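Listed here are the chains, written in short residue letters.
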Amino acid sequence: MDINEAVKIINGDTVNVPTNEELINAYKVFFKSFGVELQNNDGTYKLVYQIFDEASRKFNKSN
């Protein structure tokens, strides 16, 4: 999945309702574009706050 397809799924701009797996994959692709992984090394998912905090720090560092 590329970033454009991921954004369409996240925004709901698709003909079919995405499955939970497709939504999770779309978010993984989206946040990976900011250099952020949704899962910890042990396979558990990060908290939403951690994901957005990391994305914000990396985005601001690159500007």
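Here, the structure is the one placed above.
About the thresholds
Residues numbered from 1 in each chain as written. Predicted model: local features only at pLDDT ≥ 70, side-chain atom pairs only at ≥ 80, totals over all residues. Heavy atoms only, no water. Phe/Tyr/Trp six-rings, centres within 6.5 Å; stacked < 30°, edge-to-face > 60°. Helix = DSSP H or I, 4+ residues; strand = E, 2+ residues; numbered from the N terminus. Buried < 20%, exposed > 50% of the residue type's maximum accessible area, 1.4 Å probe, protein only.

Caption draft 1: Focus on the packing of aromatic side chains. Enumeration over the complete set of coordinates arrives at 4 aromatic pairs. With 5.4 Å between their ring centres and 90° between their planes, F31 and F52 make a pair best called edge-to-face. Taken together, the positions of F31 in helix α2 (residues 20-32) and F52 in helix α3 (residues 48-62) put the pair 21 residues apart, joining distant regions of the chain. Overall, the relative accessible area of 6% leaves F31 in the buried class. Geometrically, the ring pair formed by F34 and F59 is edge-to-face, given 6.3 Å between the ring centres and 70° between the ring planes. With a gap of 25 residues between them, F34 in the loop between α2 and α3 and F59 in helix α3 connect regions that are remote in the sequence.

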